[in-house]
Amino acid sequence: MEIADGSMVMHAAEKVGTYIPHFCYHKKLSIAANCRMCLVDVEKAPKPMPACATPVTNGMVVRTRSDKAIKAQQSVMEFLLINHPLDCPICDQGGECQLQDLAVGYGGSSSRYEEEKRVVPHKDIGPLISTEEMSRCIHCTRCVRFGQEVAGVMELGMIHRGEHSEITTVLGDTVDSEVSGNMIDLCPVGALTSKPFRYSARTWELSRRKSVSPHDSTGANLIVQVKNNRVMRVLPLENEAVNECWLADRDRFSYEALNTGERLTAPMLKQGGEWKTVDWQTALEYVVHGLKLVKADHGAKAIGALVSPHSTVEELFLAGRLVRGLGSENIDHRLRHAQFTPFEGVRWLGTRIAALSELQRVLVVGSNLRKDHPLFSLRVRMAARKGAQVSVVHDADSDWAMPIAAKSVVAAGEWVRALAGVAAAIASEKGVPAPAQAEASETARAMARSLLSGERKAVLLGNAAAHHANASSLLALARWIGEHTRATVGYLTEAANTVGAQLAGALPNEGGLNAGQMLAGGLKAVLLLNNEPVFDSAAGARAAETLGRAEMVVTLSPFKANLEFSDVLLPIAPFTETPGTFVNAEGRVQSFHAVVKPMGETRPAWKVLRVLGNMFGLPGFDWESAQEVLVAARGAKDAQEAFVQGDQLSNATSTRIELSAASGRPATAAIYQLDGIVRRAPSLQLTADARAAQAAVEGAPA
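In the nomenclature of an unreviewed UniProt entry, the protein chain is known as NADH-quinone oxidoreductase of Ramlibacter tataouinensis. In its Catalytic activity (unreviewed entry) section, the UniProt record describing the protein chain reads: "a quinone + NADH + 5 H(+)(in) = a quinol + NAD(+) + 4 H(+)(out)". Here the protein chain is described in UniProt, under the heading Sequence similarities (unreviewed entry), as follows: "Belongs to the complex I 75 kDa subunit family."

So, in C-alpha cells, the structure goes:
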C-alpha cells in the first residue's frame, strides 16, 4: 500500500478501511493525541503508539487488533470512565455517543474505581450550547481546536491539570461565534449539547431527510431530523465542495421558527380593518377579482411583484410567469439594491466555493465576510492560515478572526475612490493607463502589491457592494483589477437563491418597474412573495407607507407578516414543507424535497401561483410537479445539469466608472435579520450578534 509522505498511521488505516478507535482525532482539526484511545502496536516499538500522531515509514508494520493494542485501548477506556457519570439514560447524546459505542467494545463490565467521581459545575455559555453536564467531558479538546483553527476565535480553553482539568470560557464569557454549533457535532460525548433541542427527542425516534439551507448563498447541505411531522433538529450533511462538514448557526438553529405561533396556517382577509380566516377558494377568488379590477381601472402596468431571493427557482419562475401573463413586467428580487442597471449576465461568485480555501490573494469589497457569509469565511480563514493575504475595503473595522494584510476603512460613499486608488497603484506598477484618475494611498499600494503577487487570486464583492448606489462602478473597477492581476471577480451574493432568481427571470424586462420604483409607490396592486419589505428592502419603514396606499396588497408568506398594509394573507410552505431548487453563489443547482407535511392549510407557493394562473385563464400553467416547473424554468437542454451553464454566468459590465461619492449606506441585513425564518428563531435572537444588531437599530437616528 502507498500513502502520502508525512501521513499518520490513522490516515493509512482510513485509506485501507481499518477502523481505529479514537476521540480527539478529527480529519478537519490538528492532531492533539491527548485521548490515547487510538494506541496501536507498531512492530519494534517498545510500547503502544498513538495512531493519530505516529508518522508512517517505509516498511512499517502496524497491528491494530493485537493483544498488545487491545489491552492498551482497554486501559485507556478504563481511565476515561473513571470520572464519567453513569447517566446514559438521561443523556442527550445517548444513541449517538462515541464513548458509549466504544465502551461496549473496550470497557469493562464493572469498575475498580471506588473513590468519589469529580463534579464540574454548570456554566451558562449562551443560548445555543448547553454545558450543564460538563462532568461528562473527556478532555479531547476538539471544541478548543475548532475555535482556534476553524472559527478563528478561541472561546473555549482548558484550565487546571489532571483530573481537575476543565473546558471553560475562562473569563465566564459566552460563546458567541457564528459557527459555534459545530462544537456540538464535534463533541464525542454529552458534554456540549444543543440547548434548543435539549430533552426534546431521542435520536432513534428521529427520521433523517436531506435538504438545503434557505439562508445565505453557500447552499449548505442539511440533514433535517423529524419526529411526528415536526422538525426537531438540523445537522450538516457533509459535502466537501459546498459546506464541508460545517454549518453556520443560522442554518442549524433557524428551524425553531417553523414551529412557533408566528406561522400562518390558513388564508386570511382584512375586512373592516380586522383579519378574518377564510378558505382557500374565497381567498383566491378575492385576489383574482381584486387584480382584475386594478387592471381594468389602471392598466396591467399598475400590477407588480416583489419577490424574495430566498424563494425557490420554481416559485420565482411562476411569479414572473403570472405577472407577465397579466401584461406587466413589474417583478424584481433586488429588494435591497440602490442601483438597478441592467445585468449583462447572471451575477455569481466567479469561482467555485471550494477554490476559496486555496486562494493566495483575496480582496473583499463591501462585506463583513464573517457575519454575511460564515461558511465562506471559514474557507478564506483556512487560506489565510496557509499564508494567503486578505485585503478589505469596508466602512466598518470588524473583527474577521483572521490576519488582514491591508484594510481600508472608509465611508461607503468613498468605496469607488478607494477601489480606484488600488487600480491606479496597479496601473503604476504595470505601466498601463489607470481606469480612473484617483490618488493611491499607501494602503491602496499595499493592496496592489498583494494582488500583483501570488497565483490564485480573487476579488469578491459583498452584499453592501451589490446594494451600493454606485454598484456598477465598483464592479467595473473590480473587473479591471481582476483583468490586470489575473484574479477572478465575483459577487458573494446575498441569499440562497440570488443566482437562481436571475435565472428564473425575477427581473423587470424593458418597460418594467424595478424594486426601488415599486417601493416608491409605483403600483396599485402588489404581490409580496416570501418577504417583508419593512425588513427586507432598502425602503425600510417607508415601504409600509407606500404599500399602504396601494389598492390591493397580497402577501404570500409562511408567517403572519405585513399585517399593517396587506389585504390578503396566503399561507405558503417554508423550505421544509415544499419541494424546490436553490442555485448557490457558484451556480450549483440543488433540488430538495419536502421533509414534513405542510402545517394546517399551508400550501407550496408554486402550487398557489399555478392555481392563480389557472384562475386567470393564462396559458402554460398546467404543471403537475415542481420538477416539471424546474425543467420549464431552466430549459429542456440543461434541466439535469448540476451547475448553471457557464455561458449564462457572467459578471461583465460595460458601465462607465463614476467617481462621484454616493450618499447613504447600502442596505444590508444583520446576520440574524437576513430573512423571515431567521428573524423568528427564538434562540438566535438571544445571541450576542442579534442583541448587538438590535442595539444598533435602537441607537440609529430616526
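1. Section: the UniProt feature "domain: 4Fe-4S His(Cys)3-ligated-type" (unreviewed entry) in the protein chain
Those residues carrying the UniProt feature "domain: 4Fe-4S His(Cys)3-ligated-type" (unreviewed entry) are residues 68-107 in this numbering. Annotated as 60% helix and 0% strand, the span residues 68-107 places its first and last C-alpha atoms 16 Å apart.

2. A few points about the pairing of strand β21 (residues 552-557)
In terms of burial, β21 is a largely internal element, six of the six residues being buried. Judged by which residues are buried, β21 turns out to be covered on both faces: M552, V554 and L556 on one side and V553, T555 and S557 on the other are all buried. Here strand β20 (residues 525-529) pairs with β21 via five bridges, running parallel. The partner of L528 across the bridge, within β21, is T555. Across four bridges, the pairing between β21 and strand β22 (residues 568-571) is parallel. Paired with L556 across the bridge in β22 is L570.

3. A look at the UniProt feature "domain: 4Fe-4S Mo/W bis-MGD-type" (unreviewed entry) in the protein chain
Under the feature "domain: 4Fe-4S Mo/W bis-MGD-type" (unreviewed entry), the UniProt entry names residues 206-262. The span residues 206-262 shows a helical share of 9% and a strand share of 35%, and its end C-alpha atoms are spaced 24 Å apart.

4. Concerning the sheet that holds strand β3 (residues 62-63)
Taken together, the three strands give an open sheet; going across it, the order is β2-β1-β3, and neighbouring strands pair in antiparallel fashion. Whereas interior strands pair on both sides, the edge strands pair on one side only; in this sheet they are β2 (49-50) and β3. Strands β1 (39-42) and β3 of the sheet are contacted by helix α2 (residues 67-82), whose axis makes an angle of about 160 degrees with β1.

5. Looking at the environment of G540
Looking at the secondary structure, you find G540 in the loop between α17 (533-536) and α18 (542-548). G540 sits in the buried class, given a relative accessible area of 15%. Setting aside anything within four residues of it in sequence, one finds G540 in contact with P533 and V534.

6. Some thoughts on the nonpolar core
Membership of the largest hydrophobic core comes to 73 residues, with the highest contact counts inside it found for F23, M37 and F146. Going through the elements one at a time, α2, α3 (98-106), α4 (142-151), α5 (182-186), β9 (221-227), β10 (230-236), α10 (374-385) and α21 (676-679) are the ones with two or more residues in this core. With five residues, the top contributor of residues to this core is α4. Those residues in contact with M37, other than ones at most four positions away along the chain, are P21, H22, F23, Q73, V76, M77, L80, L102 and Y106. One finds A283, I303, L529 and M552 within the second-largest nonpolar core, a separate group that totals 54 residues.

7. Focus on the packing of α2 against α3
Closest axis-to-axis distance for the α2/α3 pair is 10 Å, and the angle between their directions is 130 degrees. Accordingly, the angle class assigned to the pair α2 and α3 is oblique. Remark: the crossing between α2 and α3 carries left-handed chirality. Each of Q73, Q74, M77 and L81 in α2 lies in contact with α3, whose residues at this interface are L99, L102, A103 and Y106. When its residues are assigned to classes, the contact of α2 with α3 shows six nonpolar, two polar and no charged.

8. Points about the domain arrangement of the protein chain
Taken domain by domain, the protein chain comprises domain 1 (9-82), domain 2 (301-343 + 498-640) and domain 3 (353-492 + 654-663). Each of domain 1 and domain 2 has a C-alpha centre, and these two points are 55 Å apart.

9. A word on the pairing of strand β13 (residues 303-307)
Both faces of the sheet carry side chains from a regular strand, because those side chains alternate between them. Of all five residues in β13, five are buried, a share of seventy percent or more. Residues of β13 alternate between two faces, with I303, A305 and V307 on one and G304 and L306 on the opposite face, all of them buried. Where β13 meets β20, five bridges bridge the pair, whose relative direction is parallel. Within β20, the residue paired with L306 across the bridge is L528. Taken together, the two bridges between β13 and strand β14 (residues 331-332) define a ladder with parallel strand orientation. Across the sheet, the residue bridging to A305 is I331, located in β14. Note that the unit made of β13, helix α8 (residues 313-325) and β14 has a crossover that is right-handed.

10. Things to note about the side chain of S217
Looking at the secondary structure, you find S217 in the loop between β8 (207-212) and β9. With residues up to four places along the chain from it excluded, the contact list for S217 reads H373, F376, L492, T493, E494, A495, A496, N584 and A585.

11. Regarding the sheet that holds β9
Read from one edge to the other, the open sheet built from three strands follows the order β8-β9-β10, with strand pairing classed as antiparallel. Each edge of the open sheet carries a strand with a single partner, namely β8 and β10. When the angles between neighbouring strand axes are averaged without regard to direction, this sheet yields 35 degrees. Bridge analysis of β8 against β9 gives six bridges, and the strand direction is antiparallel. Note that in β9 the partner of V212 across the bridge is N221.

12. Quick look at the packing of aromatic side chains
On inspection of all chains with the given rule, the structure shows four aromatic pairs. The interplanar angle of 55 degrees and the centroid separation of 5.1 Å between the aromatic rings of F146 and W246 together place this pair among those described as tilted. In this pair, F146 is assigned in helix α4 and W246 in the loop between β10 and α6 (249-253), connecting sequence segments 100 residues apart. The two residues F146 and W246 agree in class, both being buried. Pairing F317 with W623 gives two aromatic rings, centres 5.9 Å apart and planes at 65 degrees, and the pair type is edge-to-face. Of this pair, F317 sits in helix α8 while W623 sits in the loop between α19 (605-615) and α20 (626-634), placing them 306 residues apart in sequence. Residue W623 is classed as buried on the basis of its relative accessible area, which comes to 10%. Within the aromatic cluster, the residues linked to one another by ring pairs are F317, F621 and W623. The side chain of R352 reaches across the aromatic face of F643, ending 4.0 Å from its centre.

So, how was this worked out
Residues numbered from 1 in each chain as written. Predicted model: local features only at pLDDT ≥ 70, side-chain atom pairs only at ≥ 80, totals over all residues. Heavy atoms only, no water. UniProt positions renumbered as here; feature names shortened; annotations may be inferred. Helix = DSSP H or I, 4+ residues; strand = E, 2+ residues; numbered from the N terminus. Buried < 20%, exposed > 50% of the residue type's maximum accessible area, 1.4 Å probe, protein only. Pairing = 2+ DSSP bridges. Contact = heavy atoms within 4.5 Å. Axes fitted to C-alpha atoms, helices over the stretch in contact; angles between N-to-C directions. Core = buried A, V, L, I, M, F, W, Y, C linked by side-chain atoms within 4.5 Å. Parallel < 35°, antiparallel > 145°, perpendicular 65-115°, else oblique. Left-handed = near helix turned anticlockwise from the far one by under 90°. Nonpolar A, V, L, I, M, F, W, Y, C, P; charged D, E, K, R; others polar. Domains from an automatic or database assignment. Right-handed = clockwise from strand over helix to strand, strands pointing away. Phe/Tyr/Trp six-rings, centres within 6.5 Å; stacked < 30°, edge-to-face > 60°. Lys NZ or Arg CZ within 6 Å of the ring centre and 35° of its normal.

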